[in-house]
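Chain residues, written in single-letter form:
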Amino acid sequence: MSGGRFISFEGIDGAGKSSHIEALAAWVRGRGHEVLVTREPGGTPLAERLRELVLHAPMDALTEALLVFAARRDHLAQLIEPALARGVTVLCDRFTDATFAYQGGGRGFDLAVLAQLETWVQQGRNPDMTIWFDLPAATAAQRRAAVRAPDRFEAQDQAFFERVIAGYQARCTAEPQRFARIAAAEERTVVWAQIEAEVQRRAWW
Ligand code: TYD
């Protein structure tokens, strides 16, 4: 294989993706490959500073979109592209599908503008696989209620998250080969079994 694989993890807040990212990282490392786990917005010092703003400072949807794509630009150039070039597997907690789902679906922001930014910033770089943790907005809200204080997105109502889910669904429908849709309301071991099956099916490692 020339170049590493790039896998993103997506889903609404409370979908439970974080622990499974670490599990997949261990799984790939167990097969003798180097793995980089990173996240968006974030992943570099500059992008982490932008993340703080996006998650906590009031702003309109265009500003939000510009900041997440600015963070993504730095993240790709400084971290993701060099890692992939070295043959490292990159596991990224959220990527551009989150922008289409949250800014596009959730906030109702212009998808054509997001598509233009996607083209400029990514220059053809897209995840090889996107693991989408799909579960009802009400289930995710119950899970979130048990944990820490909400950020600007986690504080949104259920209708917002219904629109985010619809945004993910539209991306999944447009690119079914890239997406692995996981029934994330199942118990943890069942969720992991689905992920493992989807990864094995691709026969990369
Ligand atoms: P998240 O990835 O859920 O991290 P944590 O587990 O620490 O809460 O939080 C990131 C938030 O940023 C999430 O609510 C979705 C939002 N987001 C966007 O709105 N647009 C984007 O492009 C990205 C990458 C994230």
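Conventions adopted
- Residues numbered from 1 in each chain as written.
- Predicted model: local features only at pLDDT ≥ 70, side-chain atom pairs only at ≥ 80, totals over all residues.
- Heavy atoms only, no water.
- Axes fitted to C-alpha atoms, helices over the stretch in contact; angles between N-to-C directions.
- Helix = DSSP H or I, 4+ residues; strand = E, 2+ residues; numbered from the N terminus.
- Parallel < 35°, antiparallel > 145°, perpendicular 65-115°, else oblique.
- Left-handed = near helix turned anticlockwise from the far one by under 90°.
- Contact = heavy atoms within 4.5 Å.
- Nonpolar A, V, L, I, M, F, W, Y, C, P; charged D, E, K, R; others polar.
- Near = heavy atom within 4 Å.
- Polar contact = N/O pair within 3.5 Å; in protein donor to acceptor, adjacent residues only side chain to side chain.
- Areas by Shrake-Rupley, 256 points an atom, 1.4 Å probe, with all protein chains shown as cover.
- Disulfide = S-S within 2.5 Å.
- Buried < 20%, exposed > 50% of the residue type's maximum accessible area, 1.4 Å probe, protein only.
- Phe/Tyr/Trp six-rings, centres within 6.5 Å; stacked < 30°, edge-to-face > 60°.
- Lys NZ or Arg CZ within 6 Å of the ring centre and 35° of its normal.
- Salt bridge = Lys/Arg side-chain N within 4 Å of Asp/Glu carboxyl O.
- Pairing = 2+ DSSP bridges.

**Some thoughts on the packing of helix α4 (residues 96–106) against helix α7 (residues 158–174)**
Item 1. Look at α4 against α7: their axes get within 8 Å of each other, and the N-to-C directions meet at 135°. It follows that α4 is oblique to α7 by the angle criterion. The interaxial crossing formed by α4 with α7 has right-handed handedness. Where α4 approaches α7, its residues Thr96, Asp97, Ala98, Phe100, Ala101, Tyr102, Gly105 and Gly106 are matched on the opposing element by Phe160, Phe161, Arg163, Val164, Gly167, Tyr168 and Arg171.
Item 2. For the contact of α4 with α7, the class distribution of residues is 8 nonpolar, 4 polar and 3 charged.

**Details of the site of the ligand**
Item 1. In the neighbourhood of the ligand, 16 residues make up the surrounding shell, with Asp13, Arg51, Arg94, Thr99 and Gln103 lying closest.
Item 2. Residue Asp13 places a side-chain N or O atom 2.9 Å away from an oxygen atom belonging to the ligand.
Item 3. At 2.6 Å from an oxygen atom of the ligand is found a side-chain nitrogen or oxygen belonging to Thr99.
Item 4. Calculation on the ligand without its partners gives an accessible area of 550 Å², and the protein chains cover 90% of this total.

**What to know about the state of the cysteines**
Item 1. Scanning the model with the defined rule gives 0 disulfides in all.
Item 2. Left unpaired, Cys92 is separated from the closest cysteine sulfur, that of Cys172, by 18 Å.
Item 3. In this structure Cys92 comes out as buried when scored by relative accessible area, which is 0%.

**Side note on the side chain of Glu64**
Item 1. Checked against the element boundaries, Glu64 lands in helix α3 (residues 61–85).
Item 2. Once residues lying within four places of it in the same chain are set aside, the contact partners of Glu64 are Val54, Met59, Gln103, Arg107, Arg152 and Phe153.

**So, the packing of aromatic side chains**
Item 1. Within the structure shown, the criterion is met by 10 aromatic pairs.
Item 2. Where Trp132 meets Phe179, the ring centres are 6.4 Å apart and the plane angle is 85°; that geometry is what we call edge-to-face. Of this pair, Trp132 sits in strand β4 (residues 129–134) while Phe179 sits in strand β5 (residues 179–183), and the two are 47 residues apart along the sequence.
Item 3. Given a relative accessible area of 1%, Trp132 falls into the buried group.
Item 4. Residue Phe179 is classed as buried on the basis of its relative accessible area of 5%.
Item 5. Considering the side-chain rings of Phe160 and Phe161, the 5.3 Å spacing of their centres and the 85° angle between planes classify their relative orientation as edge-to-face. Accessibility classification places Phe160 together with Phe161 in one group, the buried group.
Item 6. Over the ring of Phe161 we find Arg144, and its NZ or CZ is 4.2 Å from the ring centre.
Item 7. If you follow Arg181 out to its NZ or CZ, it ends over the ring of Trp132, 5.9 Å from the centre.

**Here we look at the pattern of salt bridges**
Item 1. On inspection of all chains with the given rule, the structure shows 15 salt bridges.
Item 2. The structure contains a network of salt bridges with shared partners spanning Asp97, Glu118, Arg171, Glu175 and Arg178.

**A word on the pairing of strand β1 (residues 6–11)**
Item 1. For β1, the buried fraction is high: 6 of the 6 residues fall into the buried class.
Item 2. The alternating pattern of β1 places Phe6, Ser8 and Glu10 on one face and Ile7, Phe9 and Gly11 on the opposite face, and all of these are buried.
Item 3. Pairing between β1 and strand β3 (residues 89–93): 4 bridges, direction parallel. Considered in β3, the bridge of Phe6 is made with Val90.
Item 4. In this sheet, β4 lies alongside β1 in parallel orientation, the contact comprising 5 bridges. Its bridge partner being in β4, Glu10 is matched across the sheet by Trp132.

**Section: the packing of α3 against α4**
Item 1. Direction vectors running N to C along α3 and α4 enclose 175°, while the axes themselves pass 11 Å from each other. Considering the angle they form, α3 stands roughly antiparallel to α4. Residues Ala61, Glu64, Ala65, Val68, Phe69 and Arg72 of α3 form the contact with α4, whose participating residues are Thr96, Thr99 and Gln103.
Item 2. Of the residues belonging to the contact of α3 with α4, the class tally is 4 nonpolar, 3 polar and 2 charged.

Nothing here speaks to function; it is all geometry.
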